[in-house]
Amino acid sequence: MSAHVIADTSVLTGRSLRHILRSPDTIITTVVTPIALMLLFVYVLGGAIHTGSSQSYVNYLLPGILLITIASGVAYTAYRLFLDLQGGIFERFASMPIARSSVLWAHVFTSLAANVVSVTVVIGVALIMGFRTGASFSAWLAVAGMLILFILALTWLAVIAGLSAKTVDGASAFSYPLIFLPFISSAFVPTSSMPGPVAWFAENQPVTSIVNTIRALFAQQPIGSDIWVALGWFLGILVVAYTFAIASYRHKIS
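Residues numbered from 1 in each chain as written. Predicted model: local features only at pLDDT ≥ 70, side-chain atom pairs only at ≥ 80, totals over all residues. Heavy atoms only, no water.

Per an unreviewed UniProt entry, the protein chain is named Transport permease protein, and its organism is Arthrobacter livingstonensis. Quoted verbatim from the Sequence similarities (unreviewed entry) field of the UniProt record, the comment on the protein chain reads "Belongs to the ABC-2 integral membrane protein family." (UniProt positions renumbered as here; feature names shortened; annotations may be inferred.)

Q: Before we go on, may I ask you to explain the overall build of the protein chain in this structure?
A: The secondary structure content of the protein chain amounts to 11 helices and zero strands. A buried classification covers 49% of the 254 residues belonging to the protein chain. Long-range contacts, defined here as pairs at least 24 residues apart, represent 81% of the contacts in the protein chain between residues at least 6 apart. Within the structure as shown, the protein chain displays about 12,000 Å² of accessible surface, and the carbon and sulfur contribution to it stands at 69%. (Helix = DSSP H or I, 4+ residues; strand = E, 2+ residues; numbered from the N terminus. Buried < 20%, exposed > 50% of the residue type's maximum accessible area, 1.4 Å probe, protein only. Contact = heavy atoms within 4.5 Å. Areas by Shrake-Rupley, 256 points an atom, 1.4 Å probe, with all protein chains shown as cover.)

Q: Would you explain the UniProt feature "transmembrane region" (unreviewed entry) in the protein chain in this entry?
A: UniProt's entry tags residues 27–49, 61–82, 103–131, 137–161, 173–191 and 227–249 with the feature "transmembrane region" (unreviewed entry), counted in the numbering of this structure. For residues 27–49, helix accounts for 83% and strand for 0%, while the C-alpha atoms at its two ends are 30 Å apart. Note that residues 137–161 is 100% helix and 0% strand, and that its end C-alpha atoms are spaced 36 Å apart.

Q: Can you help me understand unusual backbone geometry in this one?
A: What you tend to see is this: most non-glycine residues have negative phi, and most peptide bonds are trans. Even without glycine at this site, Q220 takes up a positive phi of about 60°. With respect to the helices, strands and loops of the structure, Q220 is situated in the loop between helix 10 (206–219) and helix 11 (226–253). Residue classification places Q220 among the exposed positions, given a relative accessible area of 57%.

Q: Looking at this structure, how should I read a nonpolar patch on the surface?
A: On the surface, L39, L40, Y43, V44 and L45 cluster together into a nonpolar patch covering about 460 Å² of accessible area. Along the chain, L45 turns up in helix 2 (residues 25–45). (Patch = residues over 30% accessible without salt bridge, like charges linked within 9 Å, V, L, I, M, F, W, Y side chains within 5 Å. Salt bridge = Lys/Arg side-chain N within 4 Å of Asp/Glu carboxyl O.)

Q: Sorry, what's going on with the environment of A139 here?
A: If you trace the backbone, A139 turns up in helix 6 (residues 137–164). C-alpha of A139 to C-alpha of L217: the two residues are 78 residues apart in sequence and 5.7 Å apart in space.

Q: Please clarify how the packing of aromatic side chains should be interpreted in this entry.
A: Two numbers describe a pair of aromatic rings. These are the distance of the centres and the angle of the planes. Within this structure, the stated rule accounts for 11 aromatic pairs. An angle of 85° between the planes, with centres 4.9 Å apart, marks the rings of W156 and Y242 as edge-to-face. Of this pair, W156 sits in helix 6 while Y242 sits in helix 11; the two residues are 86 residues apart in sequence, bridging distant segments of the chain. By relative accessible area, W156 is classed as buried at 3%. The exposure class of Y242 is partly exposed, given its relative accessible area of 34%. Here the aromatic cluster, defined as three or more aromatic residues joined through ring pairs, consists of F41, F180, F183 and F188. (Phe/Tyr/Trp six-rings, centres within 6.5 Å; stacked < 30°, edge-to-face > 60°.)

Q: Even after reading the chapter, I still don't get the packing of helix 6 against helix 10, so can you show me in this structure?
A: Interaxial distance between helix 6 and helix 10 falls to 9 Å at its minimum, and their mutual angle equals 160°. With respect to helix 10, the axis of helix 6 lies roughly antiparallel. Two packed elements cross with a definite hand, and for helix 6 against helix 10 that hand is left-handed. On the side of helix 6, the interface is formed by A139, W140, A142, V143, M146, L147 and F150, while helix 10 contributes I210, T213, I214, L217 and F218. (Axes fitted to C-alpha atoms, helices over the stretch in contact; angles between N-to-C directions. Parallel < 35°, antiparallel > 145°, perpendicular 65-115°, else oblique. Left-handed = near helix turned anticlockwise from the far one by under 90°.)

Q: What exactly am I supposed to notice about the confidence of the model for the protein chain here?
A: Residues shown with low pLDDT carry predicted positions that ought not to be read at fine detail. Of all residues in the protein chain, 89% have pLDDT values of 70 or greater, and the mean over the chain is 85. Model confidence for the protein chain, summarised as mean pLDDT per element, is weakest for helix 4 (residues 89–94) at 62 and strongest for helix 10 at 94. (pLDDT = per-residue confidence, 0-100.)

Q: So what exactly am I meant to see when it comes to the packing of helix 3 (residues 57–86) against helix 6 here?
A: Working note: a packed helix pair is described by the angle between its axes plus the distance between those axes. Between helix 3 and helix 6, whose axes approach to 8 Å, the crossing angle comes to 35°. Judged by the sense of rotation from one axis to the other, the crossing of helix 3 with helix 6 is right-handed. Contacts between helix 3 and helix 6 involve L66, L67, I70, A71, V74, T77, A78, L81, F82 and L85 from the former and L147, F150, I151, L154, T155, A158, V159, A161, G162 and L163 from the latter. Here the residues of the contact of helix 3 with helix 6 sort into 17 nonpolar, three polar and no charged. (Nonpolar A, V, L, I, M, F, W, Y, C, P; charged D, E, K, R; others polar.)

Q: Could you clarify how one ought to interpret the environment of L37 in this entry?
A: For L37, the location among the structural elements is in helix 2. When the C-alpha positions of L37 and I68 are compared, they lie 9.6 Å apart, and in sequence the two are 31 residues distant. Those residues in contact with L37, other than ones at most four positions away along the chain, are I65, I68 and F183.

Q: What should I look at first to understand the side chain of S185 in this one?
A: Relative to the assigned elements, S185 resides in the loop between helix 8 (175–180) and helix 9 (196–204). Accessibility expressed as a relative area gives 1% for S185, which makes it buried. A distance of 2.5 Å separates a polar atom in the side chain of S185 from the backbone oxygen of P182. Within the local environment of S185, its side chain forms a polar contact with the backbone nitrogen of A187, the two atoms lying 3.1 Å apart. Once residues within four sequence positions are removed from consideration, S185 is found in contact with T191, M194, A202, Q205, V207 and T208. (Polar contact = N/O pair within 3.5 Å; in protein donor to acceptor, adjacent residues only side chain to side chain.)

Here it is, written out as structure tokens:
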């Protein structure tokens, strides 16, 4: 980014963040469902679930819950982008001497900030529920890096949804499959407990490698090849989503 783009992005990001501060129910709504799921699985269903691990179920469950939190949060990026598009903000910005790409980057950085807050809240609740880890500072940095990459990858998908949607409901509905995906992964139960075709899908979709890596980092266990699979998914989704998002944005403002 040039200094001009950075300055414009900073101003527009501040605008978007102020909208969130004036409407904190956005973050509250984002964390309610993941926290409710965590409470349900730990205190109601957890006793009947055998993970084959010595760690507590809240420790086993948390990585998947964090991904669900992010998937819920990025829906608001698509929603806010759609409202800006329909409200004519894009046309007004296009008539001003600002970098056009700064409009999208502002939404991306706002999504990153809001989701980091949501993830922090969920981790805080997990600590109250008994989550414990002896992970080192570097392991925590690795977890944070993976979650940030996940936020960015899904946010660029949300940008595509926000630019392409025809209705407000359609703008945020894209996140429903993303929220459901962790349920068919190793997030809640080992994939070995699933029927053959379901287990194959669970083992080869991106959430499983991400969950396994974060879980291993928290548990101070060997990471194995899962981290490289997860990074491959991050890179692939980011490149494809960014390319399509920029192409869709240029088509909209042309």
